[in-house]
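Each chain is listed here by its residues.
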Amino acid sequence: MSQEAWSSGGSRHDAHDPADDTSDRLYTPEDFAAYAARRENRDGGAGEREPITYGDPLTDPLPSTQPPAETPPPPAAQPSTPPPAYRPSTPPPAGPPPAAGPPATRPPVTSAPVAAPPAQPETDDGGDVRRFMSATDFLDRRDAEQEHGPATWGWRGKVRRWSGGLITPRMGPDELAYEQDRATIQRDFDGPRTIAFINPKGGAAKTTGVLAAGFTFGTVRGGGVVAWDNNETRGTLGIRGTRSAHRNTTRELLEDLERFTDVYQSRIGDLGAFVRSQGDAHFDVLASDERPDVTGTIRASDFDSVHKLLERFYRVILIDTGNNMRAENWLAAAGAADLLVVTSTVREDTGYSGLWMLDALQDAGYQDLKHKTVTVLSDPSANVDAKLAADLVDVYQQRTRGVYRVPYDPALVAGSVVPYAQLSENTRMQWLRACAGMAAAL
């Protein structure tokens, strides 16, 4: 095709504005900035979206119910200008190409819309921030709202039985206190707990107290309890507890302690060759040395070794201490105990002995004895001096965190194996109350 034909056939192309031909054009940064400004004015910012952030539904406060503040309308779009003309030349100029047409205009600077004030967290009447209830909070609230079953004691229980269950009175105060004491004893601990029964005088009801507490903790908690006779020579806990097929004691356990050094291979069943099960009482007894041909005493290091072993297999450890508070193992037990139980009978000599012991421990540097000690006063006979009992209760309340009276029980007088099933109802109730106080102190 000739140049004329091309010219005559291309009249449509001749009318095309050279400024619109951008196929071979080289853009400058100023051209891109002007183009972006014109596109932003034409779209009006409609394509921009603010990111949505989601909070934590368990910890963030509830959102405010205030209506969002109105935002001003977007600014009017500015008229766009045609792209600047560009005429290529050969060779290319050294400087930037001259721009044809009016210079690119920038959009007017407008102030950002005023943001709505932050939502204020909702608060309750006390001024505390209200938060969402978690799943744990829901279960805790449900557990706290549960009520005890219908009454089974006294006239309330008789009415329920006579009515065939049509009338179900609530528990009376005595029955309700009984259920609360059981719940306190059954509470979970974050580790093994050690309770030492102490009084340097013989006949202060330490051994019977340990056995009664073992019976109470064992039957209410369902096991995981051991009573340990930590006498430095020979005690009577093994004699007062239920007999076993073996006669092994703390001495034999110390001699065979190496078999328990491997924590992955040793088992509580292996410990059964040294402790004595108390049957339906659901606790074990570790007796002190009973061999007459053995000399020597239990040292502080021996106590530590046995105590660490028992902590691996039992949750509650009850220690019957001897009468020599200067012995190494006695002092080691007092130092390792989470709670001290001062046992005494309603007698002036045993009461004085317990107070003298507290004075000696305080002088020796034992701290916070009042909050770490409870007292159990036992009646030595059916008739006791009421004035002396009141005086002992008063003075021990000043020295310890709680005082618990347990009655005289003929089943404990003989000095033989304690018949747990023959303990009176009053004895069981008072020891339940005393053990609940011990568990609360732990």
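Here, residues in each chain are numbered from 1, in the same order as that chain's written sequence. With pLDDT at 70 or above as the cut-off, local features in this predicted model cover only qualifying residues; side-chain atom pairs require 80 or more to be listed or tallied, and sums for whole chains, interfaces and linings still use all residues. In computing side-chain values, all of the structure's heavy atoms are included and hydrogens and water are not.

S.K.: Any chance you could explain the overall build of the chain here in plain terms?
M.R.: Assigned secondary structure in the chain consists of 16 helices and eight strands. When a residue's accessible area, from a 1.4 Å probe over protein chains only, is under 20% of the maximum for its type it is buried; when over 50% it is exposed; and in between it is partly exposed. Each of the 442 residues in the chain was classed as buried or not, and the buried ones make up 35%. Nonlocal contacts in the chain, meaning residues at least 24 apart in sequence, comprise 76% of its contacts between residues at least 6 apart. The Shrake-Rupley method, run with a 1.4 Å probe sphere, supplies the accessible areas, and residue values consider only the shown protein chains as cover. A total accessible area of about 27,100 Å² is found for the chain, and carbon and sulfur atoms account for 52% of it. The way it works is that DSSP assigns letters per residue, a run of H or I at least four long becomes a helix, a run of E at least two long becomes a strand, and they are numbered from the N terminus. By definition in these notes, contact holds between two residues if any of their heavy atoms fall within 4.5 Å.

S.K.: Explain empty space enclosed by the protein here, please?
M.R.: Vacant regions in the atomic arrangement are exposed by a probe of water-molecule size rolled over the atoms. Lining residues are defined by having an atom within 4 Å of a point belonging to a cavity or pocket. Those points lie on a 1 Å grid over the protein atoms alone, cavities being sets where a 1.4 Å probe fits but cannot get out and pockets being open sets with protein on both sides within 12 Å along at least five of seven lines. Grid points are joined across faces, edges and corners, and a volume is the space filled by probe spheres set on the points. Overall, the coordinates contain two cavities of 30 Å³ or more when judged by the stated rule. Approximately 40 Å³ is the volume attributed to the largest cavity. Along the walls of the largest cavity sit Trp228, Asp229, Asn230, Asn231, Thr250, Ser288, Asp289 and Ile298, which together make up its complete lining. The dominant element in the lining of the largest cavity, judged by the number of residues it contributes, is strand E2 (residues 225–230), at three residues. Amino acid classes used here: Ala, Val, Leu, Ile, Met, Phe, Trp, Tyr, Cys and Pro are nonpolar; Asp, Glu, Lys and Arg are charged; the rest, including Gly, are polar. Looking at the lining of the largest cavity, its residues break down into two nonpolar, four polar and two charged. Within this model, the second largest cavity holds a volume of roughly 30 Å³. Lining the second largest cavity we find Thr208, Leu211, Ala212, Leu412, Val418, Tyr420 and Leu423. Taken together, the residues of the lining of the second largest cavity break down into six nonpolar, one polar and no charged.

S.K.: I'm lost on the sheet that holds strand E5 (residues 316–321) in this one. Help?
M.R.: Strand-to-strand pairing in sheets goes through backbone hydrogen bonds, with the strands running parallel or antiparallel. Taken in spatial order, the eight strands make up an open sheet running E3-E4-E2-E5-E1-E6-E7-E8, and their pairing is mixed. Each edge of the open sheet is held by one strand with a lone partner, namely strand E3 (276–277) and strand E8 (403–406). Here a strand pair is declared whenever DSSP counts at least two bridges between the two strands. Two elements, strand E1 (residues 193–198) and strand E6 (residues 339–345), share four bridges in a ladder whose sense is parallel. Its bridge partner lying in E6, Ile195 is registered against Leu339.

S.K.: Sorry, what's going on with the pairing of E5 here?
M.R.: Moving residue by residue along a regular strand, the side chains alternate between the two faces of the sheet. In terms of burial, E5 is largely enclosed, as six of its six residues are buried. On E5, burial covers both faces: Val316, Leu318 and Asp320 on one face and Ile317, Ile319 and Thr321 on the other are all buried. Of the pairings in the sheet, the one linking E1 to E5 comprises five bridges and is parallel in character. Within E5, the residue paired with Phe197 across the bridge is Asp320. Examined bridge by bridge, E2 and E5 share six bridges and lie parallel to one another. Each bridged residue has a counterpart across the sheet, and for Val225 the counterpart in E5 is Val316.

S.K.: How should the nonpolar core be read in this particular structure?
M.R.: In summary, soluble globular proteins display a tendency toward joint burial of nonpolar side chains. Ranked by internal contacts, the top residues of the largest apolar core, which has 43 residues, are Leu253, Leu271 and Leu310. Leu310 has contacts with Val226, Trp228, Leu271, Leu286 and Ile317, leaving out every residue within four places of it along the chain. The criterion is simple. A nonpolar core is a set of buried Ala, Val, Leu, Ile, Met, Phe, Trp, Tyr and Cys residues joined through side-chain atoms within 4.5 Å.

S.K.: So what exactly am I meant to see when it comes to the side chain of Glu175 here?
M.R.: The residue Glu175 is located in helix H6 (residues 173–185) in this model. Assessed through its relative accessible area of 3%, Glu175 is described here as buried. Not counting residues within four places of it along the chain, the set of residues in contact with Glu175 comprises Pro150, Ala151, Thr152 and Trp153.

S.K.: Would you mind going over the packing of H6 against helix H16 (residues 425–441) with me for this structure?
M.R.: For any two helices packed against each other, the geometry comes down to the angle between their axes and how far apart the axes lie. Axis definition: a line fit to C-alpha positions, over the contact stretch in the case of helices; interaxial angles, taken between N-to-C directions, run 0 to 180 degrees. Between H6 and H16, the least distance of the axes is 8 Å, while the angle of their chain directions is 45°. Compared by their axis directions, H6 and H16 come out oblique. Relative to H16, the crossing made by H6 is left-handed. In this structure, H6 contributes Tyr178, Asp181, Arg182, Thr184 and Ile185 to the contact, and H16 contributes Met429, Leu432, Arg433, Cys435, Ala436, Ala439 and Ala440. Each residue belonging to the contact of H6 with H16 can be placed in one class, and the counts come to eight nonpolar, one polar and three charged. Throughout, the term roughly parallel applies to angles under 35 degrees, roughly antiparallel to angles over 145, roughly perpendicular to angles from 65 to 115, and oblique to all others. Less than a right angle of anticlockwise turn of the near helix away from the far helix marks a crossing as left-handed, whereas a clockwise turn marks it as right-handed.

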